[in-house]
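Spelled out from the first residue to the last, the chains are:
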Amino acid sequence: MTRTRSYCYKDVLPFTAMVSVECANVGINVLFKAATSKGMSYYIFIAYSYAIATLVLLPLSFILHREVVPPLKLHLISRICLLGLIGFLAQIFSYKGIEYSSPTLASAVGNLSPAFTFILAVLFRIEKIALRSSTTQAKIIGTIVSISGALVVVLYKGPKLFSSSSWTSSSVLLQWPMKSSSESNWVVGGVLIAVAYLLYSFWYIIQTKVMEIYPQELTVAFSYNLCATVIAIPVAIIAESDLSSWRLTPSIVLVTVLFSGLCSSFSSSVHIWCLHLKGPVYVVIFKPLSIAIAAFMSAIFLGDALHLGSVIGAIILSMGFYAVIWGKAKEEERIDDDSGLSRLGHLSNDKVPLLQRHKMEDI
């Protein structure tokens, strides 16, 4: 019974939560694309999302953490504020990129996350490179392949493979005219989304370090969203000085803001929890799943066409993605095996008789 509970908590629950997060994130992107076609500012959208997520997490952090939570120290607060700034900038680049392109492109370029994380880990000397090691070779080749796939997605749009606009004209989201993405906007959008995922890779690395020092998931999630809200609201007020643009009327805009706020609180909590429980590799392993979800939802709800370049690039990206993941997983297995052998060595050394140990030391 205990083993079953442990399996559900460590394997089934994280898997289910991460799949739900990917579905929710793609849903937010699709709704955002529809909301911006109505003239909604992405600055206001991000500010509302962070504010709602903060309000949702505030009572949860008190209800679910009934034990006394240790206070946040200054160095932790500064790191969480940095997370808020990076998260806000990543959102700006991501949503502006989606406005120029499509949610499917955003999901495809999202597979750059493990490659970016690997490059940053090497630059910050978190990751060690042994060029003769098969795991290192897999990560390097996977990184190059991932970047190549991203370039294909961004630079080559290709002919249309599928378009559902003919039979989805009655969809709720298609009742407003959608802006078509030109070739130049498509490239600009892809570049902006790539920058966003580079920032997300910074976010994952810093967040993992924060959880090692302060393993309180909900408290960290609430503090992060609070810091991001404090940053996002003044920026949005400066960018959108017209107060009428902040008014939310019952429409797709209101639905998008509420859904985004609720999902942001859920996804940030799940990401932080999975980073603590499974590590950053597990969190990014679900990214290719979002490509299929985004392509389906964009075609059904937005009438977006699926282009050949997106399919080819997504396949190349996924190959590179899983090469990096395979290399990282094998490396972690090797580290676990080495630590297990060293632990056995210490135990066997402890079992050597005292007299025999003294003789060995004399020799």
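Residues numbered from 1 in each chain as written. Predicted model: local features only at pLDDT ≥ 70, side-chain atom pairs only at ≥ 80, totals over all residues. Heavy atoms only, no water.

Novice: Help me get a handle on the overall build of the protein chain, residues and values and all.
Specialist: Looking only at helices and strands, one finds 13 helices and 2 strands in the protein chain. Classification of the 363 residues of the protein chain by burial places 48% in the buried group. Across the protein chain, contacts joining residues at least 24 apart in sequence account for 92% of those joining residues at least 6 apart. Counting only carbon and sulfur atoms, one obtains 68% of the accessible surface of the protein chain, whose full area is about 18400 Å². (Helix = DSSP H or I, 4+ residues; strand = E, 2+ residues; numbered from the N terminus. Buried < 20%, exposed > 50% of the residue type's maximum accessible area, 1.4 Å probe, protein only. Contact = heavy atoms within 4.5 Å. Areas by Shrake-Rupley, 256 points an atom, 1.4 Å probe, with all protein chains shown as cover.)

Novice: Summarise the nonpolar core; cite the residues concerned and give the values.
Specialist: Among the nonpolar cores identified, the biggest contains 70 residues, and Phe-45, Ile-46, Tyr-95, Val-109 and Trp-203 are the most heavily contacted of them. Elements with a minimum of two residues in this core: helix H1 (2–36), helix H2 (42–63), helix H3 (74–100), helix H4 (103–109), helix H6 (134–155), helix H7 (183–213), helix H8 (217–239) and helix H9 (252–277). Top element by residues in this core is H7. It accounts for 12 residues. (Core = buried A, V, L, I, M, F, W, Y, C linked by side-chain atoms within 4.5 Å.)

Novice: Break down empty space enclosed by the protein for me, with residues and values.
Specialist: Space left empty within the atom packing is revealed by a probe, the size of a water molecule, rolled over the atoms. Under the criterion given, the structure shown has 2 cavities of 30 Å³ or more. Element by element, the count of residues in the lining of the largest cavity is highest for H1, at 5 residues. Here the lining of the largest cavity is built from residues that sort into 10 nonpolar, 14 polar and 2 charged. (1 Å grid on protein atoms, 1.4 Å probe; cavity = no way out; pocket = protein on both sides within 12 Å on 5 of 7 lines; lining within 4 Å. Points joined across faces, edges and corners; volume = space filled by probe spheres on them. Nonpolar A, V, L, I, M, F, W, Y, C, P; charged D, E, K, R; others polar.)

Novice: Please give an account of the packing of aromatic side chains that cites residues and values.
Specialist: Scanning all chains against the criterion turns up 7 aromatic pairs. Note on Tyr-50 and Tyr-224: the rings are 6.1 Å apart at their centroids and 85 degrees apart in plane angle, and the pair reads as edge-to-face. Of this pair, Tyr-50 sits in helix H2 while Tyr-224 sits in helix H8, and the two are 174 residues apart along the sequence. Each member of the pair Tyr-50 and Tyr-224 is classed as buried. An aromatic cluster is present here, built from Tyr-50, Trp-203, Tyr-204 and Tyr-224 joined pairwise through their rings. (Phe/Tyr/Trp six-rings, centres within 6.5 Å; stacked < 30°, edge-to-face > 60°.)

Novice: Now, about the side chain of Ser-133: what can you tell me, with residues and values included?
Specialist: Summarising the element assignment, Ser-133 is placed in the loop between helix H5 (113–123) and H6. There is a polar contact of 2.8 Å between the side chain of Ser-133 and the side chain of Thr-135. (Polar contact = N/O pair within 3.5 Å; in protein donor to acceptor, adjacent residues only side chain to side chain.)

Novice: Which residues make up the environment of Leu-262, and what values do they have?
Specialist: As for its position among the elements, Leu-262 is in helix H9. In contact with Leu-262, not counting residues within four places along its chain, are Ile-52 and Val-56.

Novice: Which residues make up the confidence of the model for the protein chain, and what are the values?
Specialist: Predicted coordinates in areas of low pLDDT are best not read in detail. Confidence along the protein chain averages 75 in pLDDT terms, with 74% of residues attaining 70 or more. Across residues 166–180, where pLDDT falls below 50, the model places 29 contacts with residues more than four positions away in sequence or in other chains. Across residues 354–363, confidence stays below pLDDT 50; counting only partners more than four residues off in sequence or on other chains, it has 4 contacts. (pLDDT = per-residue confidence, 0-100.)

Novice: Account for the packing of H2 against H3, naming residues and giving values.
Specialist: In contact at an axis separation of 10 Å, H2 and H3 are set at 135 degrees when each is read in the N-to-C sense. Relative to H3, the element H2 is oriented oblique. Where H2 crosses over H3, the two elements pack in a sense that is right-handed. Of the residues in H3, those in contact with Tyr-42, Tyr-43, Phe-45, Ile-46 and Tyr-50 of H2 are Gly-87, Phe-88, Gln-91, Ile-92, Tyr-95, Lys-96 and Glu-99. Taken together, the residues that form the contact of H2 with H3 break down as 8 nonpolar, 2 polar and 2 charged. (Axes fitted to C-alpha atoms, helices over the stretch in contact; angles between N-to-C directions. Parallel < 35°, antiparallel > 145°, perpendicular 65-115°, else oblique. Left-handed = near helix turned anticlockwise from the far one by under 90°.)

Novice: Hey, could you go over a nonpolar patch on the surface for me, with residue numbers and the actual values?
Specialist: The grouping of Ile-119, Leu-123, Phe-124, Ile-147, Leu-151 and Leu-155 at the surface amounts to a nonpolar patch, some 580 Å² of accessible area in total. Listing elements by their share of the nonpolar patch, those giving two or more residues are H5 and H6. Sort the elements by how many residues they give to the nonpolar patch and H6 lands first, with 3 residues. Topologically, Leu-155 is positioned in helix H6. We classify Leu-155 as exposed; its relative accessible area is 54%. (Patch = residues over 30% accessible without salt bridge, like charges linked within 9 Å, V, L, I, M, F, W, Y side chains within 5 Å. Salt bridge = Lys/Arg side-chain N within 4 Å of Asp/Glu carboxyl O.)

Novice: Before we move on, can you summarise the environment of Lys-139 with the specific residues and values?
Specialist: Note on placement: Lys-139 falls in helix H6. Owing to a relative accessible area of 1%, Lys-139 belongs among the buried residues under this scheme. When the C-alpha positions of Lys-139 and Ile-119 are compared, they lie 9.6 Å apart, and in sequence the two are 20 residues distant.

Novice: Quick one: what's the story with the packing of H2 against H8, residue by residue and with numbers?
Specialist: Contact geometry for H2 and H8: axes closest at 8 Å, N-to-C directions at 150 degrees. When the axis of H2 is compared with that of H8, the two are roughly antiparallel. By crossing handedness, the relation of H2 to H8 is classed as left-handed. For the contact of H2 with H8, a count of residues per class yields 21 nonpolar, 4 polar and no charged.

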